[in-house]
Amino acid sequence: VLCWFYVFPVYRLPRDKDIVEEVLRQGDVWHKNQTGIDWYRKLLTDCCDPRRMFAVTKENSPMGKVLWYDGEFYHSHTVNNETYPLFVQDNPLHLPLKKCAVVGNSGILRHSKCGKDIDQADFIMRCNLPPLSKEYVEDVGTRTHLVTANPSIIEKRFQNLLWSRKAFVDSMKVYGSSYIYMPAFSMKPGTDPSLRAYYALADTSSNLTMLFANPEFLATVGKFWKARGVHAKRLSTGLFLVSLALGLCEEVTAYGFWPFSVDLDEQPVSHHYYDNILPYKWFHAMPEEFVQLWHLHKSGTLRMRVGHCP
Ligand code: CDP
């Protein structure tokens, strides 16, 4: 059977309607493919070494090491007395992780009833400090093991932590004792807010552990997907996490990845499950990313959950 990513070359993306048809055609059929899983783990290990490199650690970033920002040209940070003590010693995760759930923020999660399914995973990753309040629990679950935080959220939602540290620390409590994964060394303006977030948590003996995303890892993952046809200024947070999960987990299921305007019943769907604020148009290439993820779903390398959970 011909499917749309063979019919349409990647640079001419299929329309939302074609994607809906393709996903419906596939239905709930999914077969795990261990060879595919092993192969992808090997590809990601060879390019990006997620086990060793996903976070900035004392081991991979000793004093004096130059960290090149992955989101800017020619900016770097040299690890010094101030920053070195903030790094974890080594990869703190107990590997390999078994069943991982990577939760994107698409509006497709709304009324999906995927909360239980997500919560059953052994390791749950979420993007951009998403709301987990009561009204969403049934659809997105409650547990979290790793959550990303973009420095711009610290700036906008928490006034750069200049006078709202308590509001920040309190709102982090929904993530239990998970890891907060911040790209502190990706864009120059993001470094200070990330360090402030670290101190706000450390000073209040929070249960959360700060992990700074290693810019070298983010850069190599970016190149990996570029070579596979994802052309964006920057990968979406969700694709970074799926790449991390493919490198670290025995099984990966992705929820909330659906950057299209209609759902499987062709009803309008919001960009996020909690709002409808759209990203800058040309910053991410989420539809291209979806094509790649769907390809991996069809080959049994990871499982995509689109629409309702059983
Ligand atoms: O920071 P970013 O704009 O990348 O992400 P977000 O809007 O907070 O959503 C988290 C992730 O979910 C994104 O990075 C995408 O990978 C995924 N997503 C999606 O696939 N479809 C959407 N409509 C929204 C988000």
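Residues numbered from 1 in each chain as written. Predicted model: local features only at pLDDT ≥ 70, side-chain atom pairs only at ≥ 80, totals over all residues. Heavy atoms only, no water.

(A) Examining the site of the ligand more closely. Around the ligand, the surrounding shell holds 17 residues, and the nearest of these are N128, S236, G238, H271 and H272. A distance of 3.4 Å is found between a nitrogen atom of the ligand and a backbone nitrogen or oxygen belonging to P259. Between the ligand and H271, the relevant distance is 2.9 Å, taken from a nitrogen atom to a main-chain nitrogen or oxygen of the residue. Taken by itself the ligand offers 510 Å² of open surface, and the protein chains cover 91% of this. (Near = heavy atom within 4 Å. Polar contact = N/O pair within 3.5 Å; in protein donor to acceptor, adjacent residues only side chain to side chain. Areas by Shrake-Rupley, 256 points an atom, 1.4 Å probe, with all protein chains shown as cover.)

(B) Focus on the confidence of the model for the protein chain. Considering every residue of the protein chain, the mean pLDDT works out to 93; 94% of them sit at 70 or more. Below a pLDDT of 50 lies the segment residues 5-11, which in the model reaches nine contacts outside its immediate sequence neighbourhood of four places, other chains included. (pLDDT = per-residue confidence, 0-100. Contact = heavy atoms within 4.5 Å.)

(C) Summary view of the packing of helix α3 (residues 34-48) against helix α11 (residues 237-248). Between α3 and α11, whose axes approach to 8 Å, the crossing angle comes to 110°. What the angle tells us is that α3 and α11 run roughly perpendicular. In the packing of α3 onto α11, the handedness of the crossing is left-handed. Between α3 and α11, the residues in contact are Y40, R41 and L44 and S243, L246 and G247, respectively. In terms of residue class, the contact of α3 with α11 is made up of three nonpolar, two polar and one charged. (Axes fitted to C-alpha atoms, helices over the stretch in contact; angles between N-to-C directions. Helix = DSSP H or I, 4+ residues; strand = E, 2+ residues; numbered from the N terminus. Parallel < 35°, antiparallel > 145°, perpendicular 65-115°, else oblique. Left-handed = near helix turned anticlockwise from the far one by under 90°. Nonpolar A, V, L, I, M, F, W, Y, C, P; charged D, E, K, R; others polar.)

(D) Structural detail: the state of the cysteines. Under the defined criterion, the tally for this structure stands at three disulfides. A sulfur-sulfur distance of 2.0 Å marks the disulfide that ties C47 to C48. In this structure, the disulfide formed by C47 and C48 twists by about -80° around the S-S bond and is classed as left-handed. For C47, a relative accessible area of 29% translates into the label partly exposed. With relative accessibility at 4%, the residue C48 sits in the buried group. Two residues, C114 and C309, share a disulfide whose sulfurs are 2.0 Å apart. Judged by the torsion about the S-S bond (95°), the C114/C309 disulfide is right-handed. With C114 in the loop between β3 (97-103) and α5 (115-119) and C309 in the segment after β9 (303-305), the pair connects residues that are 195 residues apart, well separated along the chain. Among the cysteines around C127, which has no disulfide bond, C100 carries the closest sulfur, lying 14 Å off. (Disulfide = S-S within 2.5 Å. Buried < 20%, exposed > 50% of the residue type's maximum accessible area, 1.4 Å probe, protein only.)

(E) Here's a closer look at the pairing of strand β8 (residues 249-255). Of all seven residues in β8, five are buried, a share of seventy percent or more. Both β3 and β8 contribute to a ladder of six bridges, which runs parallel. Bridge pairing in β8 places C100 opposite V252. Two strands pair when backbone bridges link them, and β8 and β9 are joined in this way by three bridges, in the parallel orientation. Of the residues in β9, the one forming a bridge with T253 is R303. (Pairing = 2+ DSSP bridges.)

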